[in-house]
Each structure stands twice: as structure tokens, then as C-alpha cells.
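Descriptive structure summary
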Amino acid sequence: MIDLGKSLFEDREYRFDRLRITKLVINPEVKGYPPIFLICRDRQGGMPVEFALAVNYEQMNQLIMSVGEVSERIAVAEAIADTLIPKPRSHNYNMNELIGHHLTIRDIQIKTRLKRFITEPKDEESTLYFFEWEPGN
């Protein structure tokens, strides 16, 4: 699987009109980064790629409301609520376990920028790349 972010790293806008989400990573305690990361899979040029899309709570709500199947929408919303109430904590959800398959969201318009999540200062090998949904879009 190719890390799409690492293969594309340039300072420009990227757009997504659909997402195939495999994992939902909620981490409200990491300062300076959005609280939710969606791990997505897609195909680019015939090759399988994987990437992370960082969103805030409002953007996640917009995505959940775009899900066509009501039962899937409710399952994802409940998982997020369980993680944040009564006290925010970190948790990873595998979509296959949560709803029985990857969560696919179509007909959306997301404008993003590629960012770097630096796990260890000055260690380029451990740098992770993610797309961040631009505020206001």
C-alpha cells in the first residue's frame, strides 16, 4: 500500500469528492492537530493508496450527515459520543468492526492541504503525512 501523502508532498490544495474510510482515530488530547483522523483507502493510477484526512468535530458532523444509510450514521455518531462523553479520550475504530464494512461517502467537496505530523523532531523517516480539511470548506 502506498502512502498517498508521502508520494505527493507539495504545498498545494488537494480535493476529494468521495472517501472510503477504513478507520476512525479520535485523539482529542494531541495539541496542535485536529482531534479526528480518518484513515482512507483509494486507488490512484491503478495502485492502492492509503491516506489520513484530519477533521474537526464540525467537519466530522458534516461527513456523518452525508452518509446515506441511517444505521451507519447512527453507529458512527454513537462511537464518537462514547469516546468524548463523559470525558474525552483517545480511541481507534475499525469500520469493518463498527458497521460491517468500510464507510463510503460520495458526492462531497473537500478542499485540503497536505501537512506533516512529526512524531520525532528532526527524524524525517518517522514523519507521517496527512490531509487537513481547510477550515470554512
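Procedures and definitions
- Residues numbered from 1 in each chain as written.
- Predicted model: local features only at pLDDT ≥ 70, side-chain atom pairs only at ≥ 80, totals over all residues.
- Heavy atoms only, no water.
- Helix = DSSP H or I, 4+ residues; strand = E, 2+ residues; numbered from the N terminus.
- Contact = heavy atoms within 4.5 Å.
- Areas by Shrake-Rupley, 256 points an atom, 1.4 Å probe, with all protein chains shown as cover.
- Phe/Tyr/Trp six-rings, centres within 6.5 Å; stacked < 30°, edge-to-face > 60°.
- Buried < 20%, exposed > 50% of the residue type's maximum accessible area, 1.4 Å probe, protein only.

**Focus: the overall build of the protein**
- When helices and strands are counted, the protein shows four helices and nine strands.
- When the helices and strands of the protein are read in sequence order from the N terminus, they spell out β-α-β-β-β-β-α-α-β-α-β-β-β.
- A sequence separation of at least 24 residues applies to 57% of the contacts in the protein between residues at least 6 apart.
- A total of about 8,200 Å² of accessible surface is found on the protein, and carbon and sulfur atoms cover 48% of it.

**Looking at the packing of aromatic side chains**
- The final tally for this structure, using the stated rule, is six aromatic pairs.
- Between F16 and F131, the aromatic rings sit 5.1 Å apart at their centres with planes inclined by 85°, giving edge-to-face as the arrangement. A residue pair is termed long-range when its members are at least 10 positions apart, and F16 in strand β2 (residues 13–16) and F131 in strand β9 (residues 128–133) qualify at 115 residues.
- Accessibility expressed as a relative area gives 1% for F131, which makes it buried.
- Between Y33 and F130, the ring centres sit 6.0 Å apart and the planes meet at 70°, which makes this aromatic pair edge-to-face. Of this pair, Y33 sits in the loop between β3 (19–26) and β4 (36–44) while F130 sits in strand β9, and the two are 97 residues apart along the sequence.
- Residue classification places Y33 among the partly exposed residues on the basis of a relative accessible area of 26%.
- Taken together, Y14, F16, F51 and F131 form an aromatic cluster joined through their ring pairs.

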